[in-house]
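Observations on the model geometry
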Amino acid sequence: MEIKLSIKNLTKKYDKNASHPALDNVSADIYEGEFVSILGPSGCGKTTLLRILIGLLEPTEGNIYLDGKDITTAPAAARSMGIVFQNYALFENMTVLGNVVYAAYLKAKKEKTATKSEITSRALEMLGLLGIRELKDKYPSELSGGQQQRVAIARTLIHNPSIMLFDEPMSALDVATRLQLRDVIKQIQKDFGTTMIYITHDQEEAFALSDRIIVMDKAHIVQIGTPKEIISSPADEYVKDFVVGNLYKKIDSLSKYAASGAQND
Ligand SMILES: Nc1ncnc2c1ncn2[C@@H]1O[C@H](COP(=O)(O)OP(=O)(O)OP(=O)(O)O)[C@@H](O)[C@H]1O
Ligand SMILES: [Mg+2]
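A quick note: this is a predicted structure, and the numbers were derived from the prediction, not measured. (Residues numbered from 1 in each chain as written. Chains lettered and ligands numbered in written order. Predicted model: local features only at pLDDT ≥ 70, side-chain atom pairs only at ≥ 80, totals over all residues. Heavy atoms only, no water.)

Describing the sheet that holds strand β4 (residues 61-66)
- Within the open sheet, the four strands sit side by side as β2-β1-β4-β5. Their pairing is antiparallel. Single-partner strands in this sheet number two, and they are β2 (23-31) and β5 (69-70).
- Here strand β1 (residues 3-12) runs beside β4; their pairing, made up of five bridges, is antiparallel. Each bridged residue has a counterpart across the sheet, and for I7 the counterpart in β4 is I64. (Pairing = 2+ DSSP bridges. Helix = DSSP H or I, 4+ residues; strand = E, 2+ residues; numbered from the N terminus.)

Written out as structure tokens, the structure is:
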């Protein structure tokens, strides 16, 4: 398999004099078409890593390679990565369709790559894939959180991103919506073969979605492995407790949730 993204010895100190960096010598390779989660507790450096990958933040040390090319200092726009945030970040004064076509249209106009009607029909196709085509004329304030997140995904997907990154996209959603959206994301990955990097502090989510999981703690990568590898041979006590231990607790509470839902139906 081809390496899509190579992260080499990234260190980030927000403050030169800080005793503890926010990221400390982090390295990982991510393969083409892979779904990789970055799993770790609050403050371990997940968002810092993501911001460096998408070009919003420069590392203090280290390099990033996209398709073998050093992009460490490349501007965000040149990386063509798509990002979905926790808080949706939709344009409130635009319809669903407007949100999806806006940036794509500006880009196509500048680069003379597609007409407005081509972009509109592609946007409608994306909305269809995400199951929200009939909401195209609604405004974000008229949508549920899960629907807004689908719009955010469609808006990212229309650019045909080199990599899609998600920063805790489900944390504001209820369990049922999270489970639905999970399926949607997996289906998109299957249909488009997009490389995906998914940040979460939810063990169960990481295990359900990922080909491999990068486990972080206190600015470090502690383990990189498939869900199976991490369960069968956790790297240390931390992975055993925080990752595997909590995974079983989460599965337990999810099955209780499912059982109670089944009774209510
Ligand atoms: N702009 C900033 N300036 C200074 N320190 C920062 C800044 N952003 C983050 N940090 C620090 O860097 C460390 C890592 O933060 P980061 O936001 O990457 O964590 P995280 O893993 O995404 O946490 P969470 O799960 O809460 O989102 C933390 O100690 C945080 O306080
Ligand atoms: Mg974060």
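Quick look at the nonpolar core
- Formed by 36 residues in total, the largest nonpolar core has its most connected members in L127, I153, F166 and I185.
- Looking at this core, the elements that each hand over two or more residues are α3 (96-111), α4 (116-129), α5 (145-157), β7 (163-167), α6 (175-192) and β8 (195-200).
- The leading source of residues in this core is α3, at six residues.
- Each of two domains, domain 1 (3-80 + 162-264) and domain 2 (90-160), supplies a minimum of three residues to this core.
- With residues up to four places along the chain from it excluded, the contact list for L127 reads V96, L97, V100, I132, R133, K136 and A154. (Core = buried A, V, L, I, M, F, W, Y, C linked by side-chain atoms within 4.5 Å. Buried < 20%, exposed > 50% of the residue type's maximum accessible area, 1.4 Å probe, protein only. Domains from an automatic or database assignment. Contact = heavy atoms within 4.5 Å.)

Observations concerning the sheet that holds β8
- Read across the open sheet, the six strands follow the order β6-β7-β8-β3-β9-β10; overall the sheet is mixed. Of all strands in the sheet, those with a lone pairing partner are β6 (81-84) and β10 (220-225), marking the two edges. Each strand axis lies, on average, 20° off the axis of its neighbour in the sheet, ignoring direction.
- Inspection of the sheet shows strand β9 (residues 212-217) paired to β10 by five bridges, in the antiparallel sense. Bridge assignment links D217 to a residue of β10, and that residue is H220.
- The strands that α5 touches are β6 and β7; relative to β6, the one it contacts most, it runs at about 175°. (Axes fitted to C-alpha atoms, helices over the stretch in contact; angles between N-to-C directions.)

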